[in-house]
Amino acid sequence: MEGPINGGMLYHEVQESKLCAVHCVNTVLQGPFFSEFDLAALASDLDRTERQMMLGGAQSEAFVSEESHNVSLDGDFSIQVLQKALEVWDLQVIPLNSPVAEPAQIDPELEKAFICHLQDHWFCIRKVNGEWYNFDSLYAAPEHLSKFYLSAYLDSLKGFGWSIFLVRGNFPKECPISSSEASNVFGQWLLPEDAERIIKSCNTVQRTPDRTTQAQQQQDPFSQYRGAESFSDAEDEDLKAAIAASLMDSLPATVAPKAETGTSEKEDKDTEEKKHDN
């Protein structure tokens, strides 16, 4: 019989800026495996591949958008980026509504992980050492889910429009990265009893989002995430600058920046006007 992974500890990341996709990937893997820069690099690779494919069928580079379709400047990543990151660890990301995932729709407790997405928020639901937990980064700690509640919770998410993905494959049994080597500072290792204590402590002050009444959820099912990912202007600008710098590496060298194009057009126009004056 296999022993508990990571010595029985739970790895959780608390929301930082708009890096919920990073938190989601790392909690699926149960360790600080990826940083926002790692995911930005994967997004750049995907953008480069997509541009090359489009250029292969397009007559002009003018038809190819310079904007990234895989990462926004505020740090939100596409499902393709999450898929690429998890493929590194031999994991597959499968839409829950696909035929191959039909068994998971019937008996979700037999699986190991789910990724949930709505608007610009990502989080994972993961089985660790035989128990299910909600690793939403908006929570102060992982929230334990019973097997019965897991099925009901997934159904409620689907009812409110969440996209749910099944994760399958050979999950890492131990995190090979020590805390000193970790590339982020928002991760924490918790014993299950510590996580339970933190969640209970938070519940005494304010009920967790998924414990709101059904009537409140029906009135505004997205209220728990509205404004929850807001962050300071300084953090926003730093993150945008870092991601923009990463994306610049993937831009085709032959595509001139828009500002320079505008200047060139203005100079040509001035030259034509001078010719007419003469």
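Please read these numbers as outputs of a predicted model, since none were measured by experiment.

Asker: Please provide a residue-by-residue account of unusual backbone geometry, values included.
Answerer: Phi at asparagine 6 is positive, roughly 50 degrees, even though this residue is not glycine. Within the element layout of this structure, asparagine 6 appears in the segment before strand E1 (10–13). Under the relative-accessibility criterion, asparagine 6 is labelled buried at 12%. A positive phi is found at glutamine 119, a non-glycine position, where the angle reads about 55 degrees. Mapped onto the elements, glutamine 119 comes out in the loop between strand E3 (113–118) and strand E4 (121–128).

Asker: I'd like to hear about the packing of helix H1 (residues 20–29) against helix H3 (residues 79–87), residue by residue, with values.
Answerer: Contact geometry for H1 and H3: axes closest at 11 Å, N-to-C directions at 30 degrees. By the angle between their directions, the pair H1 and H3 is classed as roughly parallel. Remark: the crossing between H1 and H3 carries right-handed chirality. For the pair formed by H1 and H3, the contact residues are Ala21, Cys24, Val25, Val28 and Leu29 on the first element and Leu82, Ala85 and Leu86 on the second.

Asker: Can you explain the UniProt feature "active site" (unreviewed entry) in the protein? Please cite residues and give values.
Answerer: UniProt feature "active site" (unreviewed entry): in the numbering of this structure it lies at Cys20, His121 and Asp136. The greatest C-alpha distance among the residues just named is 9.4 Å, despite their covering 117 residues of sequence, which places them together in space. Among the secondary structure elements, aspartate 136 is positioned in the loop between strand E5 (131–134) and strand E6 (143–145). Among the polar contacts made by the side chain of aspartate 136, one reaches the main-chain amide nitrogen of leucine 138 at a distance of 3.0 Å.

Asker: So, the pairing of E1: which residues are in play, and what are the values?
Answerer: Here E1 shows two buried faces, one formed by Leu10 and His12 and the other by Tyr11 and Glu13. Both E1 and strand E8 (residues 187–190) contribute to a ladder of 4 bridges, which runs antiparallel. Across the sheet, residue leucine 10 finds its bridge partner in E8, namely leucine 190.

Asker: Run through the sheet that holds E3, naming residues and quoting values.
Answerer: The 6 strands lie next to each other as E2-E7-E3-E4-E5-E6, forming an open sheet whose pairing is antiparallel. In the strand order of this sheet, the two ends are held by strand E2 (91–95) and E6, each with one partner. Between one strand and the next, the sheet's axes are offset by a mean angle of 25 degrees, whatever the strand orientation. In the sheet, E4 pairs with E5 via 4 bridges, with the strands oriented antiparallel. The partner of arginine 126 across the bridge, within E5, is tyrosine 133. Most of the contacts of H3 go to E2, to which it runs at about 150 degrees, and overall it touches E2, E3, E4 and strand E7 (163–169).

Asker: Please provide a residue-by-residue account of the nonpolar core, values included.
Answerer: Counting 43 residues, the largest nonpolar core has Leu39, Phe77, Leu82, Leu86, Ile115 and Trp122 as the members making the most contacts within it. Those elements that provide at least two residues to this core are H1, helix H2 (36–57), H3, E2, E3, E4, E7 and helix H6 (192–205). In terms of residue count, H1 provides more of this core than any other element does, 7 residues in total. For isoleucine 115, the residues in contact, after removing those within four places along its chain, are Cys24, Val28, Leu82, Leu86, Trp122, Phe123, Cys124, Ser163, Ile164, Phe165 and Val167. Of all hydrophobic cores here, the second largest spans 19 residues; its members include Ala101, Phe114, Tyr153 and Leu154.

Asker: I'd love a proper account of the packing of aromatic side chains, names of residues and values included.
Answerer: Summed over all chains, the structure comprises 7 aromatic pairs. Judged by centre distance (4.9 Å) and plane angle (55 degrees), the rings of tyrosine 11 and tryptophan 189 are tilted. Placement of the pair is tyrosine 11 in strand E1 and tryptophan 189 in strand E8, with a sequence separation of 178 residues. Note on tyrosine 11: relative accessible area 1%, which makes it buried.

Rules used in this analysis
Think of each chain on its own: its residues are numbered from 1, step by step along the sequence as written. For this predicted model, a pLDDT threshold of at least 70 governs which residues receive local features, and a threshold of 80 or more governs which side-chain atom pairs are given and counted, while totals over whole chains, interfaces and linings are taken from all residues. Only hydrogens and water are set aside when side-chain values are computed; all heavy atoms of the structure are taken into account. Only DSSP runs of H or I reaching four residues or more are called helices, and only runs of E reaching two or more are called strands; each is numbered from the N terminus. The buried label goes to any residue with under 20% of its type's maximum accessible area, the exposed label to any with over 50%, and the partly exposed label to all in between, with areas taken from a 1.4 Å probe on protein chains only. In this analysis, axes come from line fits to C-alpha atoms, helices being fitted only over the stretch in contact, and the angle between any two N-to-C directions falls in the range 0 to 180 degrees. Note on angle classes: values under 35 degrees are labelled roughly parallel, values over 145 roughly antiparallel, values of 65 to 115 roughly perpendicular, and the remainder oblique. We call a crossing left-handed when the near helix sits turned anticlockwise from the far one by less than a right angle, and right-handed when that turn is clockwise. For this analysis, residues touch if any pair of their heavy atoms sits within 4.5 Å. UniProt positions are given in the numbering used here, feature names are shortened, and annotations may be inferred rather than shown by experiment. By the criterion applied in these results, polar contacts are pairs of N or O atoms within 3.5 Å in which, for protein atoms, one can donate a hydrogen and the other can accept it, and in which residues neighboring in sequence qualify only through two side-chain atoms. Two strands pair under a simple rule: DSSP has to find at least two bridges between them. Here, nonpolar core refers to any group of buried Ala, Val, Leu, Ile, Met, Phe, Trp, Tyr and Cys residues whose side-chain atoms link them within 4.5 Å. Pairing of aromatic rings covers Phe, Tyr and Trp, the last through its six-membered ring, and needs centres within 6.5 Å; plane angles under 30 degrees mean stacked, over 60 mean edge-to-face, and all others mean tilted.

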